[in-house]
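Listed below are the residues making up each chain.
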Amino acid sequence: YDIWFTKEIPITTAALGGSITIPTVDDSQIRLKVKPGTQNDEIISIPNMGVPKMNGERGFLKVQYKIVIRKPQSKDEISLWEALADVTNDSNAMIS
């Protein structure tokens, strides 16, 4: 049977890529690579990591990414977000 797991990741990890750790039903953890450009609600399926079935087969571990965008905490962070908006030609962003 399949198991679903929701994993929050920072926007920087989603944009640039990285690695995360996910718990498994076997009381262990696996390390997954997050590909650059990962989108919110994107789902990856890992075979044979789900719940064991009566016939010995196992389902999938399905991981759904939730991208977390935290509020800028400093003037430096605001400046970086503004620079990103400028570089990507985001005309909707509020730039001070």
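Computed from a predicted model, the values in this text were never measured in an experiment.

Participant: Just give me the short version of the environment of Ile 69, but keep the residues and values in it.
Facilitator: Checked against the element boundaries, Ile 69 lands in the loop between β5 (61–68) and α2 (75–87). For Ile 69, a relative accessible area of 57% puts it in the exposed group. Linking Ile 69 and Ile 9, residues 60 residues apart in sequence, is a C-alpha distance of 8.9 Å.

Participant: Quick rundown of a nonpolar patch on the surface? Include the residues and the values.
Facilitator: Residues Tyr 1, Val 25 and Val 51 make up a contiguous nonpolar surface patch of about 280 Å² in total accessible area. Along the chain, Val 51 turns up in the loop between β4 (43–46) and β5. The exposure class of Val 51 is partly exposed, given its relative accessible area of 33%.

Conventions we followed
Residues numbered from 1 in each chain as written. Predicted model: local features only at pLDDT ≥ 70, side-chain atom pairs only at ≥ 80, totals over all residues. Heavy atoms only, no water. Helix = DSSP H or I, 4+ residues; strand = E, 2+ residues; numbered from the N terminus. Buried < 20%, exposed > 50% of the residue type's maximum accessible area, 1.4 Å probe, protein only. Patch = residues over 30% accessible without salt bridge, like charges linked within 9 Å, V, L, I, M, F, W, Y side chains within 5 Å. Areas by Shrake-Rupley, 256 points an atom, 1.4 Å probe, with all protein chains shown as cover. Salt bridge = Lys/Arg side-chain N within 4 Å of Asp/Glu carboxyl O.

Any functional reading would require information that these geometric values do not contain.
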